Amino acid sequence: TECVSGCVCPAGLFDDGRGGCVEHKDCPCIHNNELYSSGDKIKVDCNTCTCQKGLWKCTDDVCYGTCTIYGSGHYNTFDGKFYDFDGSCEYVATQDFCGDKNSSGSFSIITENVPCGTTGVTCSKAIKMFLGVMKTLSNRSAAPFPAILEVIPDTKKFSETTVGLYLVIEASNGVMLIWDKKTTVFIKLSPDYKGKVCGLCGNFDDKANNDFTTRSGLQDSNALNFGNSWKQSPMCPDVTEEIKPCDLKPHRKSWAEKECSIIQSEVFKICHSKVNPLPFYEACVHDACSCDSGGDCECFCSAVAAYAQECIKAEACVFWRTPDICPIFCDYYN
């Protein structure tokens, strides 16, 4: 008999996956291919899971959903689907105007994507937030940096604060937008919007396998078809092929892989079992290869920071910045 795969133990005992035998009550649990002992706790979004007899027992609090858009076309939906889309147009990131054309809604967030290198990849240049009025967070320089903020204030609709590196827009209807004033945007929605939103950030129904729902309501397996369906203007060209900047700029590939290896290194070891580093590493290499018209380090730093942010959400705080690697002058931000 066994808790997990392994050798057979004497009657009444279970294989603990570490070469030993334990009683049933002491069976370990597995998360991200790591073993956790009975009684260990992990954080999954806003819920706490406890290992009991080889199974995770979790609280069932309803959590805010978070969609992340960063770097050169990387998306992590409310339900955790990670994909790339390099469209050059305005696209619906998320909104609750879904289904019937006459359906009502309370908000819409639009991302304006433009080329941010010579390889054809795109970065978010402006974010538009509609709450009865329009608020534009804009970055109007040729490169993605620095950023400019344009505000049409309506204090009855939202509040605006600065927290460290980020500008935080919190609306009264349960919509929050967090922007690093460069190319990273976090969109947070209250649980009231579960299953009621649509766009590039998915439908927030706790099922990642149906996130590629097009504007017409059909499910697609192709990220390009899905992304194209959410463009705001029919005049924008469709994206027809996935861009691979390291193939187009092979001389940058070894540098990109070396720099981005920090994500898979000992520096982030505490986080590896909580958040899979592979998609973030691949996105980092993609960005480091593609940012070839200024802002090389900014693209790299934003990519690593995206993984660090996911680690923080999983309660794995990593101190990865140094005077030589993406330094931040804390005295200024404090």
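Scroll up a little and you will see the structure.
A few points on the structure. Not measured: the values here are computed from a predicted model.

Criteria and cut-off values
Residues numbered from 1 in each chain as written. Predicted model: local features only at pLDDT ≥ 70, side-chain atom pairs only at ≥ 80, totals over all residues. Heavy atoms only, no water. 1 Å grid on protein atoms, 1.4 Å probe; cavity = no way out; pocket = protein on both sides within 12 Å on 5 of 7 lines; lining within 4 Å. Points joined across faces, edges and corners; volume = space filled by probe spheres on them. Helix = DSSP H or I, 4+ residues; strand = E, 2+ residues; numbered from the N terminus. Disulfide = S-S within 2.5 Å. Contact = heavy atoms within 4.5 Å. Buried < 20%, exposed > 50% of the residue type's maximum accessible area, 1.4 Å probe, protein only. Core = buried A, V, L, I, M, F, W, Y, C linked by side-chain atoms within 4.5 Å. Pairing = 2+ DSSP bridges. Axes fitted to C-alpha atoms, helices over the stretch in contact; angles between N-to-C directions.

Further remarks concern the layout of surface pockets. It is a probe the size of a water molecule, rolled over the atoms, that shows where empty space is left. One number sums up the size of the largest pocket: a volume of about 800 Å³. Lining the largest pocket are 32 residues, and of these Val44, Asp45, Gly80, Glu310 and Lys313 sit closest to its centre. Among the secondary structure elements, those contributing two or more residues to the lining of the largest pocket are β5 (41-44), β8 (65-70), α5 (278-290) and α6 (296-313).

What follows concerns the state of the cysteines. What the rule picks out here adds up to ten disulfides. A sulfur-sulfur separation of 2.0 Å characterises the disulfide bridge that pairs Cys271 with Cys311. Sign of the S-S torsion, about -95° for the bond between Cys271 and Cys311, identifies this disulfide as left-handed. Highlighted residues: Cys271 in helix α4 (residues 269-272) and Cys311 in helix α6, separated in sequence by 40 residues.

Along the polypeptide, Thr68 turns up in strand β8. Setting aside its immediate chain neighbours within four residues, Thr68 contacts His74, Tyr75, Asn76, Val185, Phe186 and Glu310.

Examined against the element boundaries, Ala303 turns out to sit in helix α6. Classification of Ala303 as buried rests on a relative accessible area of 0%. Each C-alpha atom of the pair Ala303 and Tyr281 lies 8.1 Å from the other, and the pair is 22 residues apart in sequence. Residues in contact with Ala303, not counting those within four places in the same chain, are Tyr70, Ile263, Cys284 and Asp287.

On to the nonpolar core, then. Formed by 39 residues in total, the largest nonpolar core has its most connected members in Ile109, Ile187 and Leu189. Mapped by element, the contributors of at least two residues to this core are β8, β11 (90-95), β12 (108-115), β13 (122-130), β17 (166-171), β18 (175-179), β19 (185-189) and α1 (223-229). Not counting residues within four places of it along the chain, the set of residues in contact with Ile187 comprises Gly65, Thr66, Cys67, Ile69, Phe78, Ala93, Thr94, Ile109, Met176 and Cys201. By size, the runner-up hydrophobic cluster in this structure holds 30 residues, among which are Ala256, Cys271, Ala314 and Trp320.

This part is about the sheet that holds strand β7 (residues 55-58). An order of β5-β6-β7 is seen for the three strands of this open sheet, with the pairing classed as antiparallel. In this open sheet, the two strands that pair with only one neighbour each are β5 and β7. Strand-to-strand twist in this sheet, taken as the mean axis angle between neighbours without regard to direction, amounts to 35°. Sheet topology places β5 next to strand β6 (residues 47-52); four bridges connect them, and they run antiparallel. Among the inter-strand pairings, Ile42 is bridged to a residue of β6, identified as Cys49.

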